[in-house]
Amino acid sequence: MNISLTEDQQMVQKLARDFAEREVLPKAKELDQDARWPKELVSRMAELGFLGVAVPEELGGAGLDNVSYAVAIEEVSRACASTGVIMSVNNSLVCDPLLKFANDEQKKEYLAPLASGEKLGCFGLTEPSSGSDASDMQTTAVKDGDHWVINGSKNWITNGPHADVILVFCNTNRELGNRGTTAFIVDKGTEGFNPQPRDHKLGIHAAHSCTMFFENCRVHESKMLNAEGMGFKIAMSTLDGGRIGIAAQALGIAQAAFEKAVAYSKERKAFGEPIAKKQAIAFKLADMATQIDAARLLIWRAAALKDEAVKNPKLRHSQESAVAKLYASEMATRVTHQALQVFGGYGYSTEYDMERHYRDARITEIYEGTSEIMRVVIAANVLRG
Amino acid sequence: MMFSPSASHRSFQSRARDIAETLDAAAHERDELVPMSVYRALADQGLMSVKLEEALGGPGGNVVSYSLAMTEVAKACASTAVTMAVTNMVGEVIHAFGTDAQRETYCSALARGGLGAFALSEVGAGSDPGGMRTTATKEGDHYLITGDKQWISHGDAARVLVVWARTGGAGSKGISCFLVDGDADGVSVAKHEDKLGLRASHTAALVFENVRVHESALLGSLGGGFRIAMMALDGGRIGIASQAIGIAEAALADTLTFVQASPALRSSQDAQWRLADARMKLDAASLLTLRAAELKDRGESFSLPASMAKVFATETAWAVCQSCVELQGERAERPDSIAARCMRDVRVTMIYEGTSEVQRIVISRAILT
């Protein structure tokens, strides 16, 4: 047992923190208020290797481990949760499934430019009427010669408006249920593939998402990921990894809100003394600190397990990832709520960061599996024994 | 980074599990006694002095091993576990602050199965030990200890009592620590407390009436007692967190069996949610506890992580036990209910060795300075 970061992991942490504090944090408020896509930060993340952290170097990535990845996501999200999720989607939801399921040609054509940040990817699973129940998807792909013809729509696709590549999940055989789902790699600009204008959301304003329409979109069979019918398995395995990224994003948001609440509580005076001297505030801060640490440990455990699974593919980490995501995301909504409370009226004002953290935290309980779905996953594992 | 226990950790864990399997918590609770043979068996496996080096008769284990072993024992019998926790803590504090002679006498005795008790609390001094009134008065080369101590786990059966008493002025600087044999003249049991839970663990109110101890019984320095108590409790909190986790794991395992046997409950989201939340929070509690243990093993500062572990693990364990009882409904109302016993047993973990409130004081002080 050794529950601490290795020297290499600490170096990644420092690199990510320096980048986040020097380059991301100064822009975070403006990005949020203008809902501006941080193009220049995405380019910088590409230079730093942050868009393909756990992809081997020979495939265009940084060749680091998943613990390093989680640590880097936390640091970036501590500055800006939008930038954090842009990073998380490209790493977890696009590079990771390509690394695990793509053939060599696809790895060369897609994984390498995506991992190096030359291209940006997005993940098309959710539909207007199919979210938690991914098996109910309506988008279809029908074979036509050596092509597949895709029809349907996908929504809430983070990075969608700016992505060069989408991994899209389609129903290829309705009778087979989950085994009738197949994943395809679709390039931006393919005829019949139409990303819509960005969504307007409560939080993570700078991370653009959108609906995407597929209208008789013809994709060559060489763009199929892995094999026909493998889509659901790919999606679930991908989300097991993605949840670590979202958990780390939630952790970064909570950490930022907590640090600001601590600093503010020492300065702000009420009833003749700093409010930090009041147990009402001090005990809140104590609970935040404890819960943040608990979340970090759960995330590291899941990430370390995913690292072991790289060597031993039979090893599963669905339960540990779900535990980390559920705990960290609910923790982040609690912690940002309480941190805003410490700030009082200033917390509610858009002049300060606290309301941004509060808004940004909320989505972490929803995307890549809601808190309810996390409980379904955990309970199913526990009941199986 | 590596989360799985080492071979040595697992060896302590499995030895603890072997003994745990022989325990009959329901019978011990009914008898209001854990037989001394249980403690001797634990001692034989090195579990009453996990960290003690081999030269003094210990197994030379570490804090992570201790934590894992504690959880295993607590899964089977929380009363046995608290005696194991306090005895390990007493052995450790004597080892940390004692002279060679004190170590050889007492640490070795504890490793062989003698029990150690921790006599700090008083009627008017619990969370604030600085308010204690027991005194130790110098008389020649001896001290005379006089006063009352409260809530002393197995204070009636201890081979050695670590006793805090006032040797100087008011406040925490006037407190010193002494090692007193359990059978010393002048030590008597005023009362066996009747308690909500941990009914197989005796809790005694002790009276010290001119108890004469030689000055060599002083542990650490004169006036250094408060620091010794705080240091002991920092470590003790890892033990209590581990105990609470074990108790809650037992309630959860019992409840899981209950749910698995019922198709209606298996498919009920209320039941599923309770199981999922329990698993999630106990995982978090366990990681916080093992982290504190590991920091202590590495000789790093662990007071803050230990307090985090204790408040999180004990409050989680309480919530899990409560939820298990709720889920089992009528089944938990029966006298032989494991979940209900766990709920009663676990309640005190939020109180002893520093209440949840004291943990929050420790944590908030650490993060606000």
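Residues numbered from 1 in each chain as written. Chains lettered and ligands numbered in written order. Predicted model: local features only at pLDDT ≥ 70, side-chain atom pairs only at ≥ 80, totals over all residues. Heavy atoms only, no water.

A. Summary view of the overall build of chain B. Each helix and strand counted, chain B has 12 helices and eight strands in total. Referenced to the eigenvectors of the C-alpha coordinate spread, the extents of chain B come out at roughly 75 × 45 × 40 Å. Within chain B, the fraction of its 369 residues that count as buried is 59%. Considering only residue pairs separated by 6 or more positions, chain B has 74% of its internal contacts joining residues 24 or more positions apart. Per element, the accessible surface of chain B, about 14,200 Å² overall, is 51% carbon and sulfur. Measuring between centres, the 36 positive side-chain charges of chain B sit 4 Å from its 43 negative side-chain charges. (Helix = DSSP H or I, 4+ residues; strand = E, 2+ residues; numbered from the N terminus. Buried < 20%, exposed > 50% of the residue type's maximum accessible area, 1.4 Å probe, protein only. Contact = heavy atoms within 4.5 Å. Areas by Shrake-Rupley, 256 points an atom, 1.4 Å probe, with all protein chains shown as cover. Lys, Arg positive; Asp, Glu negative; His and termini not counted. Charge placed at Lys NZ, Arg CZ, Asp CG, Glu CD.)

B. Focus on the overall build of chain A. Within chain A one finds 11 helices and 10 strands. Its C-alpha radius of gyration of 21 Å places chain A within 12% of the 21 Å reference for a compact globule of 385 residues. The dimensions of chain A, computed from C-alpha atoms along their principal axes, are 80 × 45 × 40 Å. Out of the 385 residues in chain A, the part that is buried amounts to 60%. Look at the contacts in chain A between residues 6 or more apart in sequence, and 73% of them connect residues 24 or more apart. Of the roughly 15,200 Å² of accessible surface on chain A, a fraction of 50% belongs to carbon and sulfur atoms. Across chain A, 44 positive and 50 negative side-chain charges occur, with their mean positions spaced 4 Å apart. (Rg over C-alpha atoms; globule rule 2.2 N^0.38 Å.)

C. Here's a closer look at the pattern of salt bridges. Taken as a whole and assessed by the stated rule, the structure comprises 52 salt bridges over all chains. The shortest N-O distance in the salt bridge between Arg298 of chain B and Glu300 of chain B comes to 3.3 Å. Note that Arg331 of chain B and Asp336 of chain B form a salt bridge whose closest N and O atoms lie 3.5 Å from each other. The class for Arg331 of chain B is partly exposed, based on a relative accessible area of 23%. Each of Arg17, Glu21, Glu75, Arg78 and Glu259 of chain A takes part in one network of salt bridges that share partners. (Salt bridge = Lys/Arg side-chain N within 4 Å of Asp/Glu carboxyl O.)

D. Summary view of the domain arrangement of chain A. All names here are of chain A. For chain A, the domain assignment lists domain 1 (7-120), domain 2 (122-223) and domain 3 (239-384). Of note, the centres of domain 1 and domain 2, computed from C-alpha atoms alone, are 22 Å apart. The interface of domain 1 with domain 2 comprises 23 residues on the first partner and 19 residues on the second. In total, domain 1 and domain 2 occlude about 1,900 Å² of area from one another, counting both sides; carbon and sulfur atoms represent 64% of this. There are one salt bridge connecting domain 1 and domain 2. The partner of Lys223 in a salt bridge is Glu109, and the shortest N-O contact between them spans 3.2 Å. Inspection of the domain 1/domain 2 interface yields 11 residue pairs in polar contact (both at pLDDT 80 or more). When residues in the side of domain 1 that touches domain 2 are grouped by element, the largest group, 10 residues, is from helix H4 (residues 81-101). Of the residues contributing to the side of domain 1 that touches domain 2, the split by class is 15 nonpolar, three polar and five charged. (Domains from an automatic or database assignment. Buried area = accessible area lost by both parts, 1.4 Å probe. Polar contact = N/O pair within 3.5 Å; in protein donor to acceptor, adjacent residues only side chain to side chain. Nonpolar A, V, L, I, M, F, W, Y, C, P; charged D, E, K, R; others polar.)

E. Just the pairing of strand S4 (residues 160-166) of chain B, in detail. Residues and elements named next belong to chain B. Taken across its seven residues, S4 has seven buried, putting it largely inside the fold. Alternating positions in S4 separate into two faces, Val160, Val162, Trp164 and Arg166 on one and Leu161, Val163 and Ala165 on the other, with burial throughout. Alignment of strand S1 (residues 116-119) against S4, held across four bridges, turns out to be parallel. Pairing of Gly116 across the sheet is with Val160, part of S4. Strand direction decides the pairing type here: S4 and strand S5 (residues 175-181), joined by seven bridges, are antiparallel. Residue Val162 lies in a different strand from S5, and its bridge partner there is Leu179. (Pairing = 2+ DSSP bridges.)

F. Region of the structure containing the interface of chain A and chain B. Tallying the contact residues gives 41 residues for chain A and 38 residues for chain B. When chain A packs against chain B, close to 3,700 Å² is buried across both sides, 72% of that on carbon and sulfur atoms. Here chain A and chain B share four salt bridges between them. For the salt bridge of Asp287 of chain A with Arg360 of chain B, the shortest nitrogen-to-oxygen distance reads 2.7 Å. Elements supplying a minimum of two residues to the side of chain A that touches chain B: helix H6 (231-267), helix H7 (279-311), helix H8 (318-343) and helix H11 (371-384) of chain A.

G. Structural view of the side chain of Ser68 of chain A. Residues and elements named next belong to chain A. Here Ser68 shows up in helix H3 (residues 66-79). At a separation of 2.6 Å, a polar atom in the side chain of Ser68 contacts the side chain of Asp65. Among all residues touching Ser68, those that are not within four sequence positions of it are Gln9, Val12 and Val53.

H. Layout of unusual backbone geometry. In the Ramachandran plot, Glu368 of chain A falls in the positive-phi region, its phi being about 55° despite a non-glycine side chain. With respect to the secondary-structure elements, Glu368 of chain A resides in the loop between helix H10 (354-362) and H11. Note on Glu368 of chain A: relative accessible area 11%, which makes it buried. Not every positive phi belongs to a glycine, and Asn210 of chain B is a case in point at roughly 45°. Secondary-structure assignment places Asn210 of chain B in strand S7 (residues 203-214).

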